[in-house]
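What follows is each chain in one-letter form.
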Amino acid sequence: FCCGMENDRQIYSEGLSWPVSSLEGSSDLTELNRVAIVLKMREARKARLYVYSPSHLFCDILCMVLQTRYFRTNLGFLSEISDQDYERMCSTERASSLNNIIVAREIAFGGVSDPQFREASIWFN
């Protein structure tokens, strides 16, 4: 389940793309990029169970960030960047050069076996 996309009412066969950043000249996150990111993040976590320990508030709802990953888009191609590279880029580069960076977080709003909550979801930027 993916969330955080602005325009999720479009028809999927239209080749969706969503703005990644509100900054000028922002890149677009295509449906293919989005699926590739979700697959990479789910592969990294596999079927690992977790103990739900809320660490953040999102819209006044307790949640837990399971993982955060950083990706760069360049002419439609997607590559993952390390946490250290992302932090270095944030501290040394101009904000406009970060427009092609996608931050993806896997967030859980409840325990694995709690039927009241959906499975963990991926949120972008």
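Residues numbered from 1 in each chain as written. Predicted model: local features only at pLDDT ≥ 70, side-chain atom pairs only at ≥ 80, totals over all residues. Heavy atoms only, no water.

## Some details on the pairing of strand S5 (residues 61-74)
Note that strand S4 (residues 56-58) and S5 share three bridges and pair antiparallel. The residue bridging Phe58 from the neighbouring strand is Ile61, located in S5. The pairing of S5 with strand S7 (residues 101-108) spans eight bridges and is classified as antiparallel. By the bridge assignment for S7, Phe71 is matched with Ile102. Two elements, S5 and strand S6 (residues 77-81), share five bridges in a ladder whose sense is antiparallel. When the bridges of S6 are listed, Arg72 appears paired with Ser79. (Pairing = 2+ DSSP bridges. Helix = DSSP H or I, 4+ residues; strand = E, 2+ residues; numbered from the N terminus.)

## Focus: helix H1 (residues 31-45)
When the terminal C-alpha atoms of H1 are compared, their 21 Å separation across 15 residues agrees well with the 21 Å that a helix rising 1.5 Å per residue should span. For H1, the set of buried residues is Asn33, Arg34, Ile37, Val38, Met41 and Arg45. Here the buried residues of H1 occupy an arc of 135° about the axis, which is enough to place them on one side. Facing away from the buried side of H1 by over 90 degrees, the exposed positions are Leu32, Leu39 and Glu43. (Expected span 1.5 Å × (residues − 1). Buried < 20%, exposed > 50% of the residue type's maximum accessible area, 1.4 Å probe, protein only. Arc of directions from axis to C-beta.)

## So, the confidence of the model for the chain
For the chain, the average pLDDT comes to 76, and 72% of its residues sit at 70 or higher. Averaged over each element, pLDDT in the chain is lowest for strand S2 (residues 17-19) (44) and highest for S7 (91). (pLDDT = per-residue confidence, 0-100.)

## What to know about the pattern of salt bridges
Where charged atoms of side chains with opposite charge meet at close range, the side chains can pair. Tallied over the entire structure, the rule returns three salt bridges. Salt-bridge contacts for Arg42 lead to Glu106; the nearest nitrogen and oxygen are separated by 3.3 Å. With Arg42 in helix H1 and Glu106 in strand S7, this pair connects stretches of sequence that are 64 residues apart. Measuring nitrogen to oxygen at the nearest pair gives 3.2 Å for the salt bridge that ties Asp85 to Arg88. With Asp85 and Arg88 both in helix H2 (residues 83-92), this residue pair falls three residues apart, about one helical turn. According to the relative accessible area criterion, Asp85 is partly exposed, its value standing at 31%. Taking relative accessible area as the criterion, Arg88 reaches 44% and is therefore assigned partly exposed. (Salt bridge = Lys/Arg side-chain N within 4 Å of Asp/Glu carboxyl O.)

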